[in-house]
Amino acid sequence: MLRSFFSAVFLVGLALALSVQANQSNPVRVASKNFAENYLLAEIVAQLLEGEDIAVERAFGLGGTLICYQALLNAEIDVYVEYTGTLSQAILQRPELTGRDELNSALTERGIRLLPQLGFNNTYAIAVRSQLAESLGLRNIGDLAKHPQLRLVFSHEFLERGDGWPGLSKRYALPQSVEGIEHALAYQAIADGAIDATDAYSTDGELSRYPLRVLADDLAYFPAYMAAPLVRTDWLEQAPAAAAWVRRLAGTIDAETMQRLNAKVAVEGMSYAEVASAFLDVQRQTLGLSARGSEMPTVRLWPQLASHVLRHLQLTGLALAAAILIGLAVSLVVFANRRLANAVVYFCGLLQTVPSLALLALMIPIFGIGFTPAVVALFLYSLLPIVRNAVTALSTVDPTLVRVAMALGLSRWQQLRHLRLPLSLPMIFAGIRTAAVISIGTATLAAFIGAGGLGEPIVVGLSLNDTDMILRGAIPAAMLAILAEFLFAAVQKRVSRGYQ
Amino acid sequence: MSSSSASADACVAFHGVSKNFGDLVVFNDLSLILPSGKTTAIVGASGSGKTTLLQMVNALEHPDQGLVEVFGEPIPQDQLQYFRHRIGYAVQGAGLFPHLSARDNVVLVARLQGWSEARIQQRFAELLEAMALPASLAQRPPRELSGGQQQRLGLCRALMLEPDLLLLDEPFSAVDPVTRLGLYEVFEEVQRGQAISTLLVTHDMREARRLADVLVVLEHGQIIQSGSPDDVFAAPASPYVERLIASVA
């Protein structure tokens with residue numbers, strides 16, 4: 001019974017590991033952050049290259065600037081579109097660097113290069129509801145200082161960045177206390193009147209969709225955010241042809257064009273792929289692209305769902321299998337030593353308190369982005385319920401039975417094998433069940449580091465403020481969690497048979 | 001110390017044993033000899049230290065000072081498993097493993113010892129018969145059995161490896177009086193031929209009188225009186241012993 005269970009765990013783990021095929025070819029790995037414009041620009045880069053028969057691997061929707069930049073440094077990705085202001089403020093933390101040449105001289109020693117700019121400045125802007133702006137007479141950012149009751153809610157990144165809220169509130173002496181929100185949700189929230197003001201990007205398509213007023217940055221606080229492809233210098237040498245094509249995008253997208261492209265996605269509900277394809281068609285002459293039109297990959301709902309579910313199961317299944325094997329092994333070693341056991345359970349609990357996204361980000365310098373770090377992070381999250389239940393169950397077996405087992409002359413291993421372990425199985429399974437449900441839920445965040453799974457439609461949907469798309473990931477994920485709950489409950493009931 | 005030579009027929013000998021649990025003194029310089037082939041009953045109230053005394057014989061407890069000799073030698077600390085295989089152990093409530101069938105509970109150790117299935121089956125059948133248990137309960141889990149049946153299975157398990165010494169820690173006390181009489185009878189049946197040296201711990205003077213060859217009365221870790229049951233009942237050495245006798249009269 002026990003042996004077959006552990007063999008099963010091992011085999012499932014192995015099968016999942018083998019099903020994750022390593023890609024042997026050498027495609028250009030194009031990445032994007034998790035907001036609409038960056039998706040769109042990455043899609044344009046990707047389709048441009050594919051149109052010239054250069055293989056592309058997409059790692060879209062990575063959870064923020066640092067994840068993208070780390071992934072680039074670690075050669076996990078080859079190109080993504082960055083903004084000059086973000087480079088100087090958030091990455092280099094040298095706000096005095098503004099021009100591309102200045103930035104590049106600072107980036108050279110890191111092996112990174114900013115290619116020629118695309119042609120638009122997507123700086124931060126502060127947006128308020130037009131009606132509210134009208135009634136309070138808000139024109140400049142400074143006007144906010146006179147209304148401390150206003151509910152200012154900003155994207156998490158804006159709240160943290162040096163060039164974001166901390167500096168802004170100082171420069172304009174803004175008294176409000178602020179809260180964080182997912183950027184894509186902010187527009188809906190402001191339109192619904194749930195919040196009064198939020199940060200926006202000046203090229204956001206939503207600015208024309210909702211009745212919003214952009215306040216003037218009269219003190220010129222926000223630096224310029226000129227968009228440009230960011231690459232590693234060694235990649236420029238390895239893939240000169242691809243690099244040359246990416247360079248051709250320089251100066252082809254002005255601010256008006258960008259806002260229009262963004263609006264096609266945000267307002268008209270076109271897909272990134274459609275908008276990118278249409279843009280490239282228009283620019284075909286200018287860019288000197290090959291004559292044939294870029295093919296639009298037709299995305300079908302069910303096969304895509306199936307592949308997301310499969311990837312989700314691979315992520316959680318592998319993490320769970322590893323957590324079961326390693327968690328139980330650790331529990332068996334430490335349970336008899338109360339202090340050691342407490343220390344281990346405490347440590348696993350500590351892991352649990354690291355916010356999911358932070359843990360995923362911490363994995364990047366070690367494991368890069370994508371599948372592996374996501375599995376490692378999920379593995380770490382799964383440890384606590386498994387180890388805590390196993391240690392508790394193993395160490396609280398009826399002492400009379402333990403005494404009998406000793407008196408019968410059972411060795412330490414035999415006591416474990418024939419008494420403690422079988423009696424602990426129901427509780428151990430309860431722990432595995434909890435871990436399974438937790439990791440199925442948490443695995444949706446893995447999309448932020450490019451690991452795919454059901455988080456992918458959620459991340460894309462968030463960037464688009466597209467509820468349908470979000471539900472396409474959220475509903476199957478919830479159903480998987482419920483399914484796992486029932487499945488493990490059934491197994492738990494089965495192994496509990498014969499116990500009182 | 002070397003009085004062990006004087007007790008050649010001793011199965012277990014305690015020499016000047018002291019034992020504390022923290023501040024609580026359980027025994028202070030206790031000496032006691034259990035003769036081979038006899039049943040010795042240790043009688044005392046709860047807290048008299050009788051269970052601790054029993055558990056020092058199979059090394060579940062260890063004396064702080066003094067020496068416990070079993071089978072004529074000090075307990076071999078480096079070979080405890082082998083040593084314990086020679087000692088049967090049965091406790092109040094039977095202590096059967098809830099996840100194993102009745103049979104698996106009884107034969108587990110023999111199987112781990114590498115006994116052949118035929119030998120196991122023969123011994124198991126023998127024990128069922130001796131304990132007057134029907135073969136039909138072999139595959140049932142303990143929770144489906146009566147208290148008396150569980151207790152009998154506990155005795156079967158203690159006897160499975162044909163031990164040289166039996167340690168019985170109140171195995172007859174958690175069942176109803178009629179069932180208890182039945183248990184007495186099967187125990188007496190087992191002891192009828194070649195009797196196994198037995199240490200029986202009980203708080204029941206009547207039980208001790210019926211089953212034991214030697215009776216030892218323990219109070220607060222002190223031996224108050226020892227001798228044949230008839231002698232103890234005829235001439236109680238202290239008011240405490242008198243009260244113990246009176247309680248079952």
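Residues numbered from 1 in each chain as written. Chains lettered and ligands numbered in written order. Predicted model: local features only at pLDDT ≥ 70, side-chain atom pairs only at ≥ 80, totals over all residues.

1. Overview of helix α17 (residues 356–367) of chain A
Residues and elements named next belong to chain A.
And then number 1: The end-to-end C-alpha distance of α17 is 16 Å, a good match for the 16 Å that 12 residues give at a rise of 1.5 Å each.
And then number 2: Buried within α17 we find L359, L360, A361, M363 and I364.
And then number 3: Looking at the packing, one finds that the buried side of α17 touches α3 (65–73) and α18 (371–395).
And then number 4: Downstream of α17 by one or two residues, G368 has phi in the positive range, about 75°. (Helix = DSSP H or I, 4+ residues; strand = E, 2+ residues; numbered from the N terminus. Expected span 1.5 Å × (residues − 1). Buried ≥ 20, exposed ≤ 12 C-beta atoms within 10 Å, placed from the backbone. Contact = placed C-beta atoms within 7 Å.)

2. Quick look at the sheet that holds strand β2 (residues 24–35) of chain B
All names here are of chain B.
And then number 1: Strand order in this open sheet of four strands is β2-β1-β4-β5, and the pairing throughout is antiparallel. Where the open sheet ends on each side, the last strands, each with one partner, are β2 and β5 (73–74).
And then number 2: In this sheet, strand β4 (residues 65–70) lies alongside strand β1 (residues 10–21) in antiparallel orientation, the contact comprising five bridges. By the bridge assignment, V12 is partnered in β4 with V70. (Pairing = 2+ DSSP bridges.)

3. Quick notes on the sheet that holds strand β5 (residues 124–129) of chain A
All names here are of chain A.
And then number 1: In spatial order, the strands read β8-β5-β9; together these three strands make up an open sheet with antiparallel pairing. The outermost strands of the open sheet, each flanked by one partner alone, are β8 (197–201) and β9 (212–215). Neighbour-to-neighbour, the strand axes of this sheet turn through a mean angle of 40°, independent of strand direction. (Axes fitted to C-alpha atoms, helices over the stretch in contact; angles between N-to-C directions.)

4. What about the environment of P229 of chain A?
Residues and elements named next belong to chain A.
And then number 1: Tracing the backbone shows P229 in strand β10 (residues 227–232).
And then number 2: Separated by 184 residues in the primary sequence, P229 and V45 place their C-alpha atoms 9.0 Å from one another.
And then number 3: Non-local contacts of P229, meaning those with residues more than four positions away in its chain, are made with V45, V79, V81, L115 and V246.

5. Some details on the interface of chain A and chain B
And then number 1: In this complex, chain A contributes 17 residues to the contact, which on the side of chain B involves 16 residues.
And then number 2: Among the elements of the structure, α19 (399–407) and α20 (412–442) of chain A are those that each provide at least two residues to the side of chain A that touches chain B.
And then number 3: No other element matches the six residues that α19 of chain A contributes to the side of chain A that touches chain B.
And then number 4: In terms of residue class, the side of chain A that touches chain B is made up of nine nonpolar, seven polar and one charged. (Nonpolar A, V, L, I, M, F, W, Y, C, P; charged D, E, K, R; others polar.)

6. Considerations on the environment of V267 of chain A
And then number 1: Position of V267 of chain A among the secondary structure elements: in the loop between α13 (255–266) and α14 (272–287).
And then number 2: Put simply, V267 of chain A and S439 of chain A are 172 residues apart on the chain and 34 Å apart in space, counted from C-alpha to C-alpha.

7. A word on helix α16 (residues 338–353) of chain A
Residue and element names in this part refer to chain A.
And then number 1: Helix length check: α16, at 16 residues, gives a terminal C-alpha distance of 23 Å against a target of 22 Å (1.5 Å per residue), a fit within 8%.
And then number 2: Inspection of α16 places A341, V344, V345 and C348 among the buried residues, and these make up the whole buried set. With its buried residues spanning 95° around the axis, α16 presents them on a single face. Facing away from the buried side of α16 by more than 90 degrees, the exposed set consists of R339, N342, A343, Y346, L350 and T353.
And then number 3: Elements in contact with the buried residues of α16: α15 (301–334) and α18. (Arc of directions from axis to C-beta.)

8. Some thoughts on the pairing of strand β6 (residues 87–91) of chain B
And then number 1: Within β6 of chain B, five of the five residues are buried, leaving the element largely enclosed by the surrounding structure.
And then number 2: Residues I87, Y89 and V91 of chain B line one face of β6 of chain B and the alternating positions G88 and A90 of chain B line the opposite face, and both faces are buried.

9. Side note on the packing of α15 of chain A against α20 of chain A
Residue and element names in this part refer to chain A.
And then number 1: Close contact between α15 and α20 brings their axes to 11 Å; oriented N to C, the two are set at 145°. The hand of the α15/α20 crossing is right-handed. Across the interface between the two elements, T316, A319, L320, A323, I324 and L332 from α15 touch L416, I432, A435, A436, S439 and I440 from α20.
And then number 2: Looking at side-chain class alone, the contact of α15 with α20 contains 10 nonpolar, two polar and no charged residues. (Left-handed = near helix turned anticlockwise from the far one by under 90°.)

10. Observations concerning the pairing of strand β2 (residues 56–62) of chain A
All names here are of chain A.
And then number 1: Pairing analysis gives five bridges linking strand β1 (residues 28–33) to β2, with the strands arranged parallel. For R29, the partnering residue across the bridge sits in β2 and is E57.
And then number 2: With helix α2 (residues 36–51) bridging β1 and the parallel β2, this β-α-β connection has right-handed handedness. (Right-handed = clockwise from strand over helix to strand, strands pointing away.)

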